[in-house]
Amino acid sequence: MRMLQIAATGTPATPPHTGGLLTLVHGTAGLLTIAALGIALLLVLIIKVRLQPFVALLAVSIAVGLGAGLSVTELFGTVQRSDAVSLIESGMGGTLGHVAVIIGLGTMLGAVLEVSGGAEVLASRLLGLFGEERAPLAMGLTGLIFGIPVFFDVGIFVLAPIVYAAARRGGKSILLYCLPLLAGLSMTHAFLPPHPGPVAAAGLLKVDLGMVILMGIVCGIPAVLAAWAWSAWIGKRIFVPVPQDMVEAAEEAKAALAQEQRAAGVTPTEKPVPLATVLTIIGTPLVLILLATFSSIAFGPSTGRSVIEFFGHPFVALTIALLLAYYLLGIRRGWSRASLETVSTASLKPVGNILLVVGAGGVFGAVLKGSGVAQALSDTFHGVGLPVIALAYLISLVLRVAQGSATVAIVTTAGIVAPLLSDSHHSGAFAALVIMAVSAGSIFASHVNDGGFWMVAKYFGITERDTLRTWTVLESVLSVAGFAVAALVSVFV
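Since we're looking at a predicted model, the values are computed, not measured.

A. A look at the overall build of the protein. On a plain count of helices and strands, the protein comes out with 23 helices and zero strands. Relative to its full complement of 493 residues, the protein shows a buried share of 56%. A fraction of 80% describes how many contacts in the protein between residues 6 or more apart in sequence connect residues 24 or more apart. Accessible surface computed for the protein: about 20,100 Å², of which carbon and sulfur atoms make up 67%.

B. How the structure looks around the packing of helix α13 (residues 275–298) against helix α14 (residues 303–312). Following both chains from N to C, one finds α13 and α14 inclined at 145°, their axes separated by 7 Å at the closest point. Judged by the twist between their axes, the crossing of α13 over α14 is left-handed. Taken together, the residues of α14 that come into contact with α13 (itself represented by Leu 288, Ile 289, Leu 291, Ala 292, Ser 295 and Ser 296) are Arg 305, Ile 308, Glu 309, Phe 311 and Gly 312. Class assignment of the residues belonging to the contact of α13 with α14 gives a composition of six nonpolar, three polar and two charged.

C. Quick look at the nonpolar core. Grouped together as the largest cluster of nonpolar side chains are 169 residues, with contacts concentrated most on Leu 182 and Phe 460. At 14 residues, the largest contribution of residues to this core is made by helix α5 (residues 87–115). Setting aside anything within four residues of it in sequence, one finds Leu 182 in contact with Phe 152, Ile 156, Val 456, Phe 460, Trp 471 and Leu 474.

D. Helix α9 (residues 175–191), seen in detail. With 17 residues, α9 ought to run about 24 Å at 1.5 Å a step, and its terminal C-alpha atoms sit 23 Å apart, in line with that. Most of α9 is tucked away: 16 of the 17 residues are buried.

E. Here's a closer look at unusual backbone geometry. Note that the residue after Pro 193, namely Pro 194, is joined by a cis bond; omega there is 10°. Within the secondary structure, Pro 194 sits in the loop between α9 and α10 (196–205). For Arg 50, which is not glycine, the phi torsion reads 65° and is therefore positive. Assignment of secondary structure puts Arg 50 in the loop between α2 (27–47) and α3 (53–67). Under the relative-accessibility criterion, Arg 50 is labelled exposed at 65%. The backbone of Ala 445 shows a phi angle near 50°, a positive value even though the residue is not glycine.

F. Spatial organisation of the packing of α2 against α3. Following both chains from N to C, one finds α2 and α3 inclined at 155°, their axes separated by 9 Å at the closest point. On the basis of their axis angle, the class for α2 and α3 is roughly antiparallel. Judged by the twist between their axes, the crossing of α2 over α3 is right-handed. Along its contact with α2, which presents Ile 34, Gly 38, Leu 41, Leu 42, Leu 45 and Ile 46, the element α3 presents Pro 53, Ala 56, Leu 57, Val 60, Ala 63, Val 64 and Gly 67. For the contact of α2 with α3, the class distribution of residues is eleven nonpolar, two polar and no charged.

What counts and how
- Residues numbered from 1 in each chain as written.
- Predicted model: local features only at pLDDT ≥ 70, side-chain atom pairs only at ≥ 80, totals over all residues.
- Heavy atoms only, no water.
- Helix = DSSP H or I, 4+ residues; strand = E, 2+ residues; numbered from the N terminus.
- Buried < 20%, exposed > 50% of the residue type's maximum accessible area, 1.4 Å probe, protein only.
- Contact = heavy atoms within 4.5 Å.
- Areas by Shrake-Rupley, 256 points an atom, 1.4 Å probe, with all protein chains shown as cover.
- Axes fitted to C-alpha atoms, helices over the stretch in contact; angles between N-to-C directions.
- Left-handed = near helix turned anticlockwise from the far one by under 90°.
- Nonpolar A, V, L, I, M, F, W, Y, C, P; charged D, E, K, R; others polar.
- Core = buried A, V, L, I, M, F, W, Y, C linked by side-chain atoms within 4.5 Å.
- Expected span 1.5 Å × (residues − 1).
- Parallel < 35°, antiparallel > 145°, perpendicular 65-115°, else oblique.

Right, here's the structure in full:
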């Protein structure tokens, strides 16, 4: 009977405080102890044991479930009842069913923009428009716009040579040019879909993606402006020359990329990609999704609203943008269909790890809810007196600083704070702001346990000490400013 209830709802009918395989303690205090031990175990496995985050999250989910009293059948299902859905299956499938499609389509869109030279066109036009004196602002806008469809590390790889060239022409510290770019890339990566963090949080907390985009813009723009102001101040006080070895490596990488394009049947044309084309492709999915969100708020049921909501569904909007990119940046510029397939397929290779981590985060959330641990945490947090949005930020911040991965911080925090939203009558806008708080906490104080820290240091030739003084502080400024805006706006929604 109990497995039938799980199959219908995805969670047990009542929190199983007793009777499991490894029930350690009973009641709220025991469940809170299990939650604390689970999070501590997760940090140890990732930081000390160096276990892959997907494996660590899955192992901790199982340990928490058994410790809280869930049976093996409730966790894993049974071969006798293939129609009964286990917590692990519902957590993994329910999360990835929403997230995987969006991340996959967004990744392929970014790859086509990258290989076609869209980033170089965007940066060159902005540099020409703003002039030498405002080149740092041009680099910041380049990171902000191009960062929407591409991952953070890909953005650095593609745009670093343009930073080198701008810094050489200006004769100033490379920090003046790279930090605004990094701020733009980091803001979009943290706050805006189709990036994994906000998409995963939206899926785990059941929030409309259009509302997440809207609140991402509201919170992200002031945050990136604060980060640009910090960049301008610190860039004048610390001089870092352009790293010649990375300039040479960038040229080699560019030549290797051109060779790969030729091998894939891509024939680069001499004519650059029109800037309007790049902006249209990047903006199309955002506009369609936002229109669908506003139509659902402003209009009653009608045929027109149904059409808008169809084209504004994230799956459809991103598919339209990808098909536009295939035609405008690919086929119309001489690419073969085989080369489009090659570029798209190659772009998906690094996505597997992200999807598995996000899915394991969904499992963790399902186990917390099904075992009663999430409800115990919810009751305790309500008793603390801190607003939900502040708790979300602090939990995400602590997890980020402790283990380094923004994705792990987001999916773990989302599982913990989900009951705080489901048990209350919060609006969709408020829930989206909670996601902004979680995302803001997940980028605080990037330091030596974060791969992004070393990527920034090595790509731009910055010493570890100066990277801590510049990049680490930059991320903290983005984090605090983004959360401050989210907290302020939450008062009015």
